[in-house]
Amino acid sequence: MENEEICADEISEIESTELHSDSETDSDTVTQFMQRHTTQIIYDSESSDSDYQTDNQWTKYDPKRNVEMFTGISGVKLHPNNPQSISEIVELVIEDDFIEMVAIETNRYYDQMHRRYKCGRKTKEWYDTTVPEMKKFFALIILMGQVQKTTIHDYWSTRPSIETPFFSKIMTRHRFLQILRFLHFSNNTEMASNPSRLCKIQPVINYLLNKFSTVYKPEQELSLDEVMIPYRGRLSFSVYNPSKITKYGILVRMLSEASTGYLCNFQLYCGRGDPLEKTISHLLNKSENLWHHVYMDNYYNSITLAESLLTKKIRICGTIRKNRGFPKDLNDLRLRIGEFDFRRKGEVLVLKWKDKQDVRMISTIHNADVVETGKINQKTGQQVRKPECIMKYNQHMKGVHQADQYLSYYSFLRKSIKWTKKVFMFLLHCTFFNSFILYRKLNPHTNITFSKFLQTLAEEWISSATEHHDTENLPSSSTALGRAPHFDPPYRLSGDMKTHQLERIAQTGKLKYPQKRCRVCKTRGIRRDTSYICKLCKIPLCKNHCFSIYHTSQKY
């Protein structure tokens, strides 16, 4: 393609039809496969340094300049009635209409699948979910990031060593897995003949992008980088990056506020082959004409991009590759550790500084000034000095990394065959992180942690859902008793019979005296039901004889 080149970048796309998460291919074969089957991302740039410009256009004249003042107004633009309420702050970003949309599409998807396929016996017990129930579902999803367990079934386990009774009190395991199975975000029947690759998740993306940009306006310094959503399933636009901890997944390019990490804009890479400059322009389209300062790494920066963004009143700073228009004489220059040299052409400054390796920088913000870092060289005892653009780059490039760090702490991502669920859970986590930043902005003197923020949100959602839960559409089977524990509690032989008391099983539905099978009789092969249960152990037992044997005998 004319005026385009293939970039030797670390990020490579894999044909996922050949590589599946359940594949039994060994690591050596996979590595050989990667070397043979990778499609590079295309960048719209110069074919060579000589085609771009001659070195005599660059000079060492670096006059002092006054950078334009930031014309944007940063801060929270929508305020809740109660700034101390976590749930109200979250509702600034995701309101009930968003949760209702997910509930409607989930119900519709079940109807479509039920008509198309023969569903099992348990699937036929489905009833339409509602906004309060979806809030409970999302609250349990949040708590799964706080209480880490191997599988989803472990959260409803009755084994005393890993039991977490709270989950079974909020929602049954069967109902949770039902909602998770049919969780959906778009109407399959309304897809175009040639739909977008992101059509199944596009309504969620559009909603959150609009909310992120209207609820909060960022400060002048922004950072642009990418993160990876882990995914190893079959997907045409899955990405392989051997230098990352998460090597396989879905690439997300993110624009964040440098100081807080607030996610301002994002774009999922779907393998369309758009030039990188077009992608960057899309991410920065809402930051134009405000004189934002954007910090990027060498994957994004180039001379043409810096000049193009200047026409849109956006200044940039970051590292740059030597084949992106970097002057040849400066590139060939050999420096000793601590030395630097620069060239300037108009508003564009390029600089080469020698650390352990050569560091190439580009900036339309800074001069070629050197500042003290505040550190002492242990060998010479002198102050360590660096170019100002490198110091500012290290200071402001942390925005996306800060957001990614918070998202990794209490991640509730789970293995899933459907990539849409992975993306949705990731974006939901991003929403909670942005809400956390809003909470700290509105309450500057608070010392709440992200973990405490998520826990409080889950508790408030469960509380509000319980108060307003509509039970008209629920079948009588939904109010049936929970499962009795499969394992005996370790305190059943405590010897204190005052703590072990029989009580009637609570009335549910139309059954005045519901019954369960006696644990002692079941062990002895006797079919006998009882209306009583041990208040402490939660084990159904026959009155008198079985109750006494269960709490006094090692083997009953």
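What you see is a predicted model; the values in this text were computed from it and never measured.

**Remarks on the side chain of glutamate 105**
Part 1: Structurally, glutamate 105 is set in helix H4 (residues 96–116).
Part 2: A distance of 2.6 Å separates the side chain of glutamate 105 from the side chain of arginine 108, its partner in a polar contact.
Part 3: For glutamate 105, the residues in contact, after removing those within four places along its chain, are His184, Phe185, Ser186 and Asn187.

**So, the packing of aromatic side chains**
Part 1: One pass over the full model with this rule turns up 31 aromatic pairs.
Part 2: Ring centres of tryptophan 156 and phenylalanine 167 lie 5.8 Å apart, and the angle between their planes is 70°; this geometry places the pair in the edge-to-face category. Separated by 11 residues along the polypeptide, tryptophan 156 in the loop between helix H5 (131–146) and helix H6 (165–170) and phenylalanine 167 in helix H6 bring together distant segments of the chain. Grouping residues by exposure puts tryptophan 156 and phenylalanine 167 together as buried.

**Let's talk about the pattern of salt bridges**
Part 1: Going through the model one piece at a time under the given rule, you end up with 22 salt bridges.
Part 2: Two residues, glutamate 347 and arginine 65, come together in a salt bridge whose shortest N-O distance is 2.9 Å. A residue pair is termed long-range when its members are at least 10 positions apart, and glutamate 347 in the loop between strand S13 (340–345) and strand S14 (348–354) and arginine 65 in the loop between helix H2 (49–52) and strand S5 (75–76) qualify at 282 residues.
Part 3: You can call glutamate 347 partly exposed: its relative accessible area is 31%.

**Observations regarding helix H17 (residues 545–552)**
Part 1: When H17 is considered as a whole, its buried residues turn out to be Cys546, Phe547, Ile549, Tyr550 and His551.
Part 2: Each element contacted by the buried residues of H17 is listed here: strand S18 (502–504), helix H16 (519–523) and strand S21 (532–534).

**Here we look at the pairing of S14**
Part 1: Counting buried positions along S14 yields 7 of 7 residues, so the element is predominantly enclosed.
Part 2: Burial along S14 is two-sided: the residues Val348, Val350, Lys352 and Lys354 and Leu349, Leu351 and Trp353 are all buried.
Part 3: Sheet topology note: the S13/S14 ladder contains 6 bridges and is antiparallel. When the bridges of S14 are listed, phenylalanine 342 appears paired with leucine 351.
Part 4: Hairpin remark: S13 followed by S14, antiparallel, with 2 residues in the connecting loop; positive phi at glycine 346, about 65°.
Part 5: Sheet topology places S14 next to strand S15 (residues 358–363); 6 bridges connect them, and they run antiparallel.

**Here's the deal with the nonpolar core**
Part 1: Among the nonpolar cores identified, the biggest contains 112 residues, and Phe137, Phe176, Phe266, Phe424 and Phe432 are the most heavily contacted of them.
Part 2: Counting residues per element, this core draws most heavily on helix H14 (residues 419–442), at 15 residues.
Part 3: Every residue in contact with phenylalanine 424, bar those within four places of it in the chain, is listed here: Phe98, Val102, Phe138, Leu183, Phe185, Ile201 and Val204.

**Comments concerning the packing of helix H8 (residues 202–215) against H14**
Part 1: Between H8 and H14, the shortest axis-to-axis distance is 11 Å and the interhelical angle comes to 10°. The orientation of H8 relative to H14 falls into the category roughly parallel. Here H8 and H14 pass one another in a crossing that is left-handed. Counting all contacts with H8, which are made through Val204, Ile205, Leu208, Phe212 and Val215, the residues of H14 involved are Phe424, Leu427, Cys430, Thr431, Asn434 and Leu438.
Part 2: Of the residues belonging to the contact of H8 with H14, the class tally is 9 nonpolar, 2 polar and no charged.

What counts, and where the lines are drawn
Residues numbered from 1 in each chain as written. Predicted model: local features only at pLDDT ≥ 70, side-chain atom pairs only at ≥ 80, totals over all residues. Heavy atoms only, no water. Helix = DSSP H or I, 4+ residues; strand = E, 2+ residues; numbered from the N terminus. Polar contact = N/O pair within 3.5 Å; in protein donor to acceptor, adjacent residues only side chain to side chain. Contact = heavy atoms within 4.5 Å. Phe/Tyr/Trp six-rings, centres within 6.5 Å; stacked < 30°, edge-to-face > 60°. Buried < 20%, exposed > 50% of the residue type's maximum accessible area, 1.4 Å probe, protein only. Salt bridge = Lys/Arg side-chain N within 4 Å of Asp/Glu carboxyl O. Pairing = 2+ DSSP bridges. Core = buried A, V, L, I, M, F, W, Y, C linked by side-chain atoms within 4.5 Å. Axes fitted to C-alpha atoms, helices over the stretch in contact; angles between N-to-C directions. Parallel < 35°, antiparallel > 145°, perpendicular 65-115°, else oblique. Left-handed = near helix turned anticlockwise from the far one by under 90°. Nonpolar A, V, L, I, M, F, W, Y, C, P; charged D, E, K, R; others polar.

Scope: geometric values only; no functional claims are made or implied.
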